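Now for the letters of each chain:
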Amino acid sequence: MTGLDSSPVEPAPVDLPPLTEQTRLEAREIMARYPVARSALLPMLHLVQSVQGYVSPEGVTLCAEELGLTKAEVGAVATFYTMYKRRPTGRHIVSVCTNTLCSVLGGQRIMDALSSDLGVHHDETTADGSITLEHAECLAACDYAPVVTVDYEFYDQQDVESARELVAALRRGDKPEPTRGAPLTDFKGISRQLAGFSQYADSSAAAAAIDAPGALGPTLVGLRLAEERGEAAPDMPRRSASSSSGAGAAEAAGVESAKRGAPEPAGRDTGDGRTGTDTPAGAEPGTSGQGPGKA
Ligand code: FES
């Protein structure tokens, strides 16, 4: 039992730093950013994770109390997304992509080598608390395969040896420069960033992180080859957004629903006592016999 009854979030270790009044104030600051306070749950989970290194039972309780949700509701969200950790993490999280493209180019070999070197498997932390190792299913950088991230910063086109050197450096306390993007900090630091607070002590460091170099070479290989060969994509057929049928109508409806103030789709709770307005729940095409309208 965890004290949460319905959530598998693990109990707190004895040396866990407590959530403070400052954490609670920052949680309220996040809530104030949203028209509907419960929309703040995701960054609030990153916030408690930035203090304690995972979403602890205490973190779940804080979020539930502040948002007026049950702990089961908060736990359901915290256990759905893999970026919310259910047990204390190491100083760094090393994620190895083992999805198809990375795997055929060596991602699984990297994962196996690191797992063997560190003596841990997926979602486990080394005894010295330096590294949590995990495999990931596509890190959205397939053009740089095989990819490893550390605290969600990219180390592109890795192989077994470069990944081993990277992890050895992390265990020594070094912070090797990512291939692109912001400088490496640590898991708690990037969690604070994801909560919407700067993880940098001064504004110049924050500005440098924002202006960090990108790398588009592999992404643009196809474009370069097409230019060299004089190839071009065929023109897209033009459709009027005001078209009254088919894909044009669907596209127009999508544009309309993306506008601020547009009515919510049918059946969706807007959080202010209203529900969707355009189609009665259960009356959508293809839902015959389903939904509350047919009960
Ligand atoms: S398959 Fe590895 S980043 Fe997409």
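Q: Break down the overall build of the protein chain for me, with residues and values.
A: Counting its regular elements, the protein chain contains 11 helices and 5 strands. Every one of the 295 residues in the protein chain was classed for burial, and the buried ones make up 28%. Look at the contacts in the protein chain between residues 6 or more apart in sequence, and 58% of them connect residues 24 or more apart.

Q: If you had to explain the confidence of the model for the protein chain to someone new, which residues and values would you point to?
A: For the protein chain, the mean per-residue pLDDT works out to 83, and 77% of the residues sit at or above 70. Under a pLDDT of 50 for its full length, residues 1-7 has, in the predicted model, 20 contacts with residues more than four places off or in other chains. This model gives residues 264-295 a pLDDT under 50, and the stretch forms 36 contacts once residues within four places in sequence are excluded.

Q: So what about the nonpolar core? Which residues, and what values?
A: By size, the foremost hydrophobic cluster in this structure holds 28 residues, and its most contacted members are Val94, Val96, Leu114, Val147, Val148 and Val167. Within the residue set of this core, elements represented by two or more residues are β1 (92-97), α6 (107-118), β3 (131-136), β4 (148-150), β5 (153-155), α7 (160-172) and α8 (187-194). Filtering out sequence-adjacent residues up to four positions away, Val96 remains in contact with Gly107, Ile110, Met111, Leu114, His135, Ala136 and Val148. Among the nonpolar cores identified, the runner-up in size contains 18 residues, and Leu47, Val51, Val55 and Cys63 belong to it.

Q: Can you break down the sheet that holds β5 residue by residue, with the values?
A: The strand order across the open sheet formed by 5 strands is β2-β3-β1-β4-β5, and the pairing between neighbours is mixed. Single-partner strands in this sheet number two, and they are β2 (124-125) and β5. As judged from the 6 bridges shared by β1 and β3, these two strands associate in the parallel manner. Paired with Ile93 across the bridge in β3 is Thr132.

Q: Explain helix α1 (residues 21-31) to me, using residue names and the numbers behind them.
A: Within the sequence span of α1, burial applies to Thr23, Glu26, Ala27 and Ile30. Projected down its long axis, α1 carries its buried residues within an arc of 105°, all on one side. Across from the buried face of α1, at angles greater than 90 degrees, the exposed residues are Glu21, Gln22 and Leu25. Next to the buried residues of α1 lie α2 (41-52) and α3 (57-67).

Q: Describe the pairing of β3, listing the residues and the values that go with them.
A: Most of β3 sits inside the fold, with 5 of its 6 residues counted as buried. Linkage of β2 to β3, two consecutive antiparallel strands, is achieved through a turn of 5 residues, within which Gly129 is found at a positive phi near 75°.

Quick notes on the rules
Residues numbered from 1 in each chain as written. Predicted model: local features only at pLDDT ≥ 70, side-chain atom pairs only at ≥ 80, totals over all residues. Helix = DSSP H or I, 4+ residues; strand = E, 2+ residues; numbered from the N terminus. Buried ≥ 20, exposed ≤ 12 C-beta atoms within 10 Å, placed from the backbone. Contact = placed C-beta atoms within 7 Å. pLDDT = per-residue confidence, 0-100. Core = buried A, V, L, I, M, F, W, Y, C linked by C-beta atoms within 7 Å. Pairing = 2+ DSSP bridges. Arc of directions from axis to C-beta.

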